[in-house]
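Descriptive analysis of the structure
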Amino acid sequence: MAETASSASPVSCFLREKQFTEESIHKIIHRCARLKEEGAEMRARENWRILCDTVGIPQRKLPSIASKCPHLLAISNLHQKLHCLAAGLGAEPKEVAAAITRFPRLLLCSLEEKICPLLAFLETIGVPRPRLSKVLLACPRLISYSIHSKLPLTISFFRDEIGVDTNSMGMLVIKCPYVFGYSIESRIRPTVLYLRSLGLANPHIVEIATRFPHVLCRPENALRPKVDYLRLTLGLNPSQVMSLIRGYPPILLASISNSLQPKLDFLVHTMGKSMEDVVQYPAFFAHSLSRSIRPLHRKFLIEDGIPCTLEKFFSLNHSKVLNVDFRDHPHGPTRQQLANLSLST
């Protein structure tokens, strides 16, 4: 009887207008008792309008957001809460909209009781004050983690077991605030131990943590196939594999079929280079095959016939080198030409 009454309520009718399924409507009303109150339908319509017109969340995303957090349709003074959130974080409306889309419960959190203490905690671990709100908006789910248990546990691991200092910890969090969402025991520690088993010393792990923290967030079984590919398919020895990883850690995140293999095929069969060349310059894998490697090879090695190491090849300003004719210099560009084409210019 109660379910029948619920399905006939004004809020149910409103949700049907918005193309919610009957199952979704039942779950939403069951999870938020305030949607059963008198006047709930008018409040839901107003909040829907605010989320769409004021916040700027696309209509197509609102059903998913409302299903995840039905309380957004029921809270009073939504407009005021939005204003306080944006003002408190010093954020643009688009940034707030993106954060709410990713984690709708952000709007339900008290600025004084939840958000400000979190920002204060982030500042103590090395996040510069101007970047605090950016970190939260990039990963609004941070607001759901305890600043007394979960967050300190992650900080303690990186500080005490890896050796990341406060300044570096701040940079790590800026680059990868999602790191707090991963389990130390089942995700990050096994990955660190695996990297150590490959021969990477602690200073190298610290560098990965601060420059490419996403690598440490991947499970060991996602990294192992790349290492097996380098060892078994390409025939690299452990020392060479370690050099590649040290030189460009994101190689462990790249797709074998869509990135590593095509680039290596081009390196060997088109550029006439060897695997030793890429071991000497692992950052080769950071360059786009279509936007960088192929155009530069066509200009530098084919049109102008300039012999060049990979490191020199990629140390130049690409937009400039593509417009320079080196054919009058069969032994390569002069030192002055290289200086004029350096990335620093």
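Every chain is numbered independently, its residues counted from 1 as its sequence is written. At least 70 in pLDDT is required for a residue's local features to be given in this predicted model, at least 80 for side-chain atom pairs to be given and counted, and no such filter applies to totals for whole chains, interfaces and linings, which use all residues. The side-chain numbers reported here are obtained from all heavy atoms of the structure, hydrogens and water having been left aside.

**Digging into the nonpolar core**
As a reminder, the rule being used: Working definition of a nonpolar core: buried Ala, Val, Leu, Ile, Met, Phe, Trp, Tyr and Cys residues. They are joined through side-chain atoms within 4.5 Å. Burial classes: relative accessible area under 20% of the type maximum marks a residue as buried, over 50% as exposed, and values in between as partly exposed (1.4 Å probe, protein chains only). The contact definition used throughout considers only heavy atoms, calling two residues in contact when any of these lie within 4.5 Å.
Ranked by internal contacts, the top residues of the largest apolar core, which has 109 residues, are Leu 122, Phe 158 and Phe 284. In contact with Phe 158, other than residues within four places in its own chain, are Gly 163, Val 164, Met 169, Leu 172, Val 179, Ile 188, Ala 209 and Leu 216.

**Quick word on the confidence of the model for the chain**
Keep this limit in mind: Here pLDDT means the predictor's own confidence in every residue, given as a number from 0 to 100.
This prediction gives the chain a mean pLDDT of 86; 86% of its residues lie at or above 70. In this model residues 1-5 is a low-confidence stretch, pLDDT under 50, and it forms 1 contact with partners more than four residues away in sequence or in other chains. In the model, residues 317-345 has pLDDT below 50 throughout and makes 50 contacts with residues more than four positions away in sequence or in other chains.

**Section: the packing of helix α12 (residues 184-197) against helix α15 (residues 220-233)**
Using the following cut-off: Note on definitions: angles span 0 to 180 degrees between N-to-C directions of axes, and those axes are lines fitted to C-alpha atoms, for helices only across the stretch in contact. Helix and strand definitions here come from DSSP, where helices need a minimum of 4 consecutive H or I residues and strands a minimum of 2 consecutive E residues; each element is numbered from the N-terminal end. Roughly parallel refers to an angle under 35 degrees, roughly antiparallel to one over 145, roughly perpendicular to one between 65 and 115, and oblique to any angle outside these ranges. Amino acids outside the nonpolar list (Ala, Val, Leu, Ile, Met, Phe, Trp, Tyr, Cys, Pro) and the charged list (Asp, Glu, Lys, Arg) are all regarded as polar, and Gly is one of them.
Two numbers describe how α12 lies on α15: the axes approach to 9 Å, and their chain directions differ by 25°. Classified by the angle their axes make, α12 and α15 are roughly parallel. For the pair formed by α12 and α15, the contact residues are Pro 190, Thr 191, Tyr 194 and Leu 195 on the first element and Glu 220, Leu 223, Arg 224 and Val 227 on the second. Among the residues making up the contact of α12 with α15, the classes are represented as 5 nonpolar, 1 polar and 2 charged.

**Some remarks on the environment of Lys 68**
Positionally, Lys 68 belongs in helix α5 (residues 62-68). Since its relative accessible area comes to 46%, Lys 68 is described here as partly exposed. Along the sequence, Lys 68 and Ile 28 sit 40 residues apart, while their C-alpha atoms lie 8.5 Å from each other. Apart from residues no more than four positions distant in its own chain, Lys 68 is found in contact with Arg 31 and Pro 104.

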